[in-house]
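# A structural walkthrough
So you can see what is in the structure, the chains are spelled out below.
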Amino acid sequence: MIRTQNLKKLYQTKEIETTALNGININIKKGEFVAVMGPSGCGKSTLLNLLGLLDEPSSGDYFFNDIDTSGFNERKRAALRKGNIGFVFQNFNLIDELTVFENIELPLMYMGLSNDVRKKKVEDSLQRMSMMPRRNHFPQQLSGGQQQRVAIARAVVADADLILADEPTGNLDSDHGDEVMNLLTELNQQGTTIVMVTHSPHDAGFSNRRIHLFDGAVIEKPAEKDFYV
Ligand code: ADP
Ligand code: MG
């Protein structure tokens, strides 16, 4: 599903040039649950953004479902994301002015679906996340754990077969964190491929495989001192 070849990302600011990713070669098969680990600043979020087609690499190739995305502009990237890739972020990224229902409905708004079909999909997704009773609440009226469940519902509502999660439990206490991890595990068992950035060894324990990054490169085994950063 995911294959990268010598993927590099440089950030150029007035002051300095940062090499965020320095030649990443990874393969992730459909159905895997992979944890991307490494210390702060090693390039985890940058990699996830590239895999999610939210950004373009400085060089190298990225094949998503065997489609070579090199040279794709934002319009083409968006078209490939649609219905294929769902995102879950540390800070939930819900829209405060929209209800739970409306937040989950958002990814469906541009897919040309009828009202009835949208309603059905949102309700299915609410049910899977046990959030039906909160459908008319606004994000600020929910706990962090509930907000993240809404974010996961939004990520899966358009039948994405890949979920990219960036520190999904980073703002949650351990009970709510485990609840989110169990939901991701369930989705994975139902066939959704999951790539999750985390620096928590506990959360990584839910995955089937770990990819360790250090200074923008994949390393085999992290030094003990770097593992828990
Ligand atoms: P991680 O998620 O592992 O903490 P990031 O992928 O966010 O790391 O960042 C990797 C490196 O790239 C860091 O040195 C960071 O400062 C730099 N970086 C990330 N985003 C930008 C940006 N938009 N502009 C400039 N530098 C950036
Ligand atoms: Mg990050």
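Residues numbered from 1 in each chain as written. Chains lettered and ligands numbered in written order. Predicted model: local features only at pLDDT ≥ 70, side-chain atom pairs only at ≥ 80, totals over all residues. Heavy atoms only, no water.

Turning to its location among the elements, asparagine 103 is positioned in helix 3 (residues 100-105). For the pair asparagine 103 and glycine 86, spaced 17 residues apart in sequence, the C-alpha to C-alpha distance is 13 Å. Aside from chain neighbours lying at most four places away, what touches asparagine 103 is Leu94, Ile95, Leu98, Pro139, Val150 and Arg154. Here the side chain of asparagine 103 touches leucine 98 through a polar contact of 3.1 Å, landing on its backbone oxygen. (Helix = DSSP H or I, 4+ residues; strand = E, 2+ residues; numbered from the N terminus. Contact = heavy atoms within 4.5 Å. Polar contact = N/O pair within 3.5 Å; in protein donor to acceptor, adjacent residues only side chain to side chain.)

A few words now on helix 6 (residues 174-189). With 16 residues, helix 6 extends 22 Å between its outermost C-alpha atoms, agreeing within 8% with the 22 Å of an ideal straight helix rising 1.5 Å per residue. Of all the positions in helix 6, only Gly177, Val180, Met181, Leu183, Leu184, Thr185, Leu187 and Asn188 are classed as buried. Against the buried residues of helix 6 lie strand 4 (33-37), helix 4 (115-128), helix 5 (144-156), strand 8 (162-166), strand 9 (193-197) and helix 7 (201-204). By the N-cap criterion, in which a side-chain oxygen at the helix start approaches the backbone nitrogen of a residue two or three places on, helix 6 is capped by aspartate 173, the distance to aspartate 175 being 3.1 Å. Taken from the residues just after helix 6, glycine 191 is the one with a positive phi, measuring 115°. (Expected span 1.5 Å × (residues − 1). Buried < 20%, exposed > 50% of the residue type's maximum accessible area, 1.4 Å probe, protein only.)

Tallying each qualifying case throughout the model produces 2 aromatic pairs. Relative to phenylalanine 64, the ring of tyrosine 62 lies with its centre 6.4 Å away and its plane at 55°, an arrangement referred to as tilted. Looking at phenylalanine 64, the relative accessible area reads 0%, which means it is buried. With a centroid separation of 6.0 Å and 5° between ring planes, the pair formed by phenylalanine 87 and phenylalanine 89 is classed as stacked. For phenylalanine 87, a relative accessible area of 14% translates into the label buried. (Phe/Tyr/Trp six-rings, centres within 6.5 Å; stacked < 30°, edge-to-face > 60°.)

Volume-wise, the largest pocket comes out at about 510 Å³. Arg81, Ile85, Gly86, Phe87 and Pro107 are, among the 20 residues lining the largest pocket, the residues nearest its centre. For the lining of the largest pocket, the elements supplying multiple residues, two or more each, are helix 2 (74-81), strand 7 (85-89) and helix 5. Class assignment of the residues belonging to the lining of the largest pocket gives a composition of 13 nonpolar, 4 polar and 3 charged. The calculated volume of the second largest pocket comes to roughly 160 Å³. Lining of the second largest pocket is provided by 15 residues; of these, Thr169, Gly170, Leu172, Ser200 and Asp203 occupy positions nearest its centre. If you list the elements that add at least two residues to the lining of the second largest pocket, you get helix 6 and helix 7. The class makeup of the residues in the lining of the second largest pocket is 3 nonpolar, 8 polar and 4 charged. (1 Å grid on protein atoms, 1.4 Å probe; cavity = no way out; pocket = protein on both sides within 12 Å on 5 of 7 lines; lining within 4 Å. Points joined across faces, edges and corners; volume = space filled by probe spheres on them. Nonpolar A, V, L, I, M, F, W, Y, C, P; charged D, E, K, R; others polar.)

Before going further, it helps to examine helix 1 (residues 44-51). With respect to burial, helix 1 is a largely interior element, 6 of its 8 residues being buried. For helix 1, the full list of buried residues reads Lys44, Thr46, Leu47, Leu48, Leu50 and Leu51. Phi turns positive one or two residues past the end of helix 1, at leucine 53, with a value near 55°.

What follows concerns the pattern of salt bridges. In total, this model carries 11 salt bridges according to the counting rule given. A single network of salt bridges, built from pairs that share partners, joins Glu56, Glu74, Arg77 and Arg81. (Salt bridge = Lys/Arg side-chain N within 4 Å of Asp/Glu carboxyl O.)

Now for the environment of glycine 216. Looking at the secondary structure, you find glycine 216 in the loop between strand 10 (209-214) and strand 11 (217-219). Residue glycine 216 is classed as buried on the basis of its relative accessible area, which comes to 0%. Expressed as a C-alpha distance, the spacing of glycine 216 and alanine 35, which sit 181 residues apart in the sequence, is 16 Å. Residue contacts for glycine 216: discarding those within four places in its chain leaves Ala20, Leu21, Asn22, Gly23, Ile24 and Cys42.

The next thing to look at is the site of ligand 1. With respect to spatial proximity, the complete set of residues near ligand 1 consists of Tyr11, Thr18, Ala20, Pro39, Ser40, Gly41, Cys42, Gly43, Lys44, Ser45 and Thr46. A distance of 2.7 Å separates an oxygen atom of ligand 1 from a polar backbone atom of glycine 41. For ligand 1, whose free accessible area comes to 570 Å², the fraction covered by protein is 61%. Here the shell around ligand 1 gets 3 residues from one element, more than from any other, and that element is helix 1. (Near = heavy atom within 4 Å. Areas by Shrake-Rupley, 256 points an atom, 1.4 Å probe, with all protein chains shown as cover.)

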